[in-house]
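# A structural walkthrough
The residues making up each chain are set out below.
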Amino acid sequence: MNARDAMRMWLSQHARAAISALGQLRRKPGGSLMTTAAIGIALALPAAFLLVMDNIESAMSGWDGTPRASVFLALETPPDRQAATAERIAALDGIQEVTLISPAEALAEFQATAGMDETLALLDANPLPAVVEARLRGRLDTANTERLMNRLQALPHVEEIRLDQAWMQRLDALLDLGNRTIAIIALLLGLTVVLVIGNTIRLDIENRRSEIEITKLIGATDAFIRRPFLYTGVWYGLAGGLLSGVILIIGILAVSAPARRLATLYQSAFQPTGPGVSGILTLLTAGLLLGLFGAWLAVGRHLAAIEPQ
């Protein structure tokens, strides 16, 4: 027998084992569906969390990523000093650009947004200070941010500074915590998939104990007997991965309309995204590998204990 014939025979044996395993699943549709559902839900949960995190990061990407500092000047600062302070702020390292908002411009903007024209008309003087909106050069680490804030605070006529990077740092920390938590959940649910498939294969081995003993009596090797059970695990994993993808797609379709409505209220073009082709392929691959691993553990442990009497 040459190498080509040997390869053809090897592929034929694996094809028969895969078809035989699929036939075994079709003979018990109730149990197969329950096992597939358990696997699909276990795979869908961490994938859904990851999808949520990806959509949150996608929504954040609409922001240009550069924090801004609002530098409030003292009320009595004259216009020429306001302009001079803005120029000094623009010259600092770490500042990309600045915009000076005069007290009159600030009051006009407040009137346009607050709708309190009559109330503001009763005031004797403009209570709003001049503000220098400073756009920073990218996200700074904590040390550089504190150093820049101290330099801004040391400038004359500066009354107060508000930095919008703090909430971004908190959000980044929350996203990092979320990703680590998802990794732990995925590990635990992956172990659950392995145990579910392993227990299912163990029951199949016990139910076919007599068949296995007879097969061994006529000279079948452990590898020959093991092969259909391994393909059973593969089929379970693939079916569970496909089901998890369907669950994710249905979930995205269910929340896409409210998400778009919320994004519109915030004047954002954000659109929630689903797992996509790559995500579905990842779920199928994960299901296949977990199914194969679970079946391999179960078969390796229980098949050796069965010997013809």
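Residues numbered from 1 in each chain as written. Predicted model: local features only at pLDDT ≥ 70, side-chain atom pairs only at ≥ 80, totals over all residues. Heavy atoms only, no water.

## Thoughts on helix α3 (residues 79-90)
Let me state the cut-off plainly: Starting at the N terminus, helices and strands are each numbered in turn, a helix being any DSSP run of H or I of at least four residues and a strand any DSSP run of E of at least two. Expected helix span is computed as 1.5 Å times (number of residues minus one). Each residue's exposure class comes from its accessible area (1.4 Å probe, protein chains only) as a fraction of the maximum for that residue type: buried when under 20%, exposed when over 50%, partly exposed otherwise. This arc corresponds to the set of directions leading from the helix axis out to the C-beta atoms.
Taking 1.5 Å as the rise per residue, α3 with twelve residues should run 16 Å; its terminal C-alpha atoms sit 17 Å apart, in good agreement. All buried positions along α3 are accounted for by Gln 82, Thr 85, Ala 86 and Ile 89. Buried residues of α3, seen end-on, are gathered within an arc of 100° and therefore sit on one face of the element. Facing away from the buried side of α3 by more than 90 degrees, the exposed set consists of Asp 80 and Glu 87.

## Concerning the side chain of Asn 55
Heads up, the rule is: Definition of a polar contact: a pair of N or O atoms within 3.5 Å, with one able to donate and the other able to accept a hydrogen when the atoms are protein atoms, and with sequence-neighbouring residues admitted only if both atoms are side-chain atoms. Residue contacts are counted whenever heavy atoms from the two residues lie within 4.5 Å of one another.
By the element assignment, Asn 55 lies in helix α2 (residues 29-60). Relative accessible area serves as the criterion here: at 9%, Asn 55 is assigned to the buried category. For Asn 55, the side chain forms a polar contact with the main-chain oxygen of Leu 51, separated by 2.7 Å. Setting aside residues up to four positions removed in sequence, Asn 55 forms contacts with Phe 270, Gln 271, Pro 272 and Thr 273.

## A short note on unusual backbone geometry
The phi dihedral of His 157 falls on the positive side, at around 75°, and the residue is not glycine. Along the chain, the position of His 157 falls in the loop between α6 (142-153) and β4 (158-163).

## Describing the packing of aromatic side chains
Defined as follows: Only Phe, Tyr and Trp rings take part, Trp by its six-membered ring, and two of them pair if their centres are within 6.5 Å. Stacked means planes under 30 degrees apart, edge-to-face means over 60, and tilted covers everything else.
This model, assessed by the stated rule, comprises one aromatic pair. Pairing Phe 293 with Trp 296 gives two aromatic rings, centres 6.4 Å apart and planes at 25°, and the pair type is stacked. Taken as a pair, Phe 293 and Trp 296 lie in helix α10 (residues 276-302) at a separation of three residues, close to a single helical turn.

## So, the sheet that holds strand β1 (residues 68-73)
Cut-off, in case you're wondering: Strand pairing is assigned whenever DSSP identifies at least 2 bridges connecting the two strands. All axes here are fitted lines through C-alpha atoms, helices being fitted over the stretch that makes contact, and every angle between N-to-C directions spans 0 to 180 degrees.
The four strands are arranged β2-β3-β1-β4 in an open sheet whose pairing can be described as antiparallel. Two strands lie at the open edges of the sheet, namely β2 (95-101) and β4, each paired on one side alone. Going from strand to strand, the sheet's axes swing by 20° on average, the running direction of each strand aside. Bridge count between β1 and β4: five bridges; the pairing is antiparallel. Looking at β4, one finds that Ser 70 is bridged to Arg 162. Lying on the sheet, α3 is in contact with β1, β2, β3 (131-136) and β4; it crosses β2 at an angle near 165°.

## Comments concerning the packing of helix α8 (residues 209-217) against helix α9 (residues 222-265)
Applicable threshold: Throughout this description, any angle smaller than 35 degrees is read as roughly parallel, any larger than 145 degrees as roughly antiparallel, any in the 65 to 115 degree range as roughly perpendicular, and the remainder as oblique. The hand of a helix crossing depends on one turn: near helix anticlockwise from the far one by less than a right angle means left-handed, and clockwise means right-handed. Each residue gets one of three labels, nonpolar for Ala, Val, Leu, Ile, Met, Phe, Trp, Tyr, Cys and Pro, charged for Asp, Glu, Lys and Arg, and polar for the others, Gly among them.
Relative to each other, α8 and α9 sit at 150°, their axes nearing to 10 Å. Taken together, the axes of α8 and α9 lie roughly antiparallel to each other. Between α8 and α9 lies a crossing whose hand is right-handed. On α9, the residues touching Ile 212, Thr 215 and Lys 216 of α8 are Asp 222, Phe 224, Ile 225 and Phe 229. Residue classes in the contact of α8 with α9 are distributed as four nonpolar, one polar and two charged.

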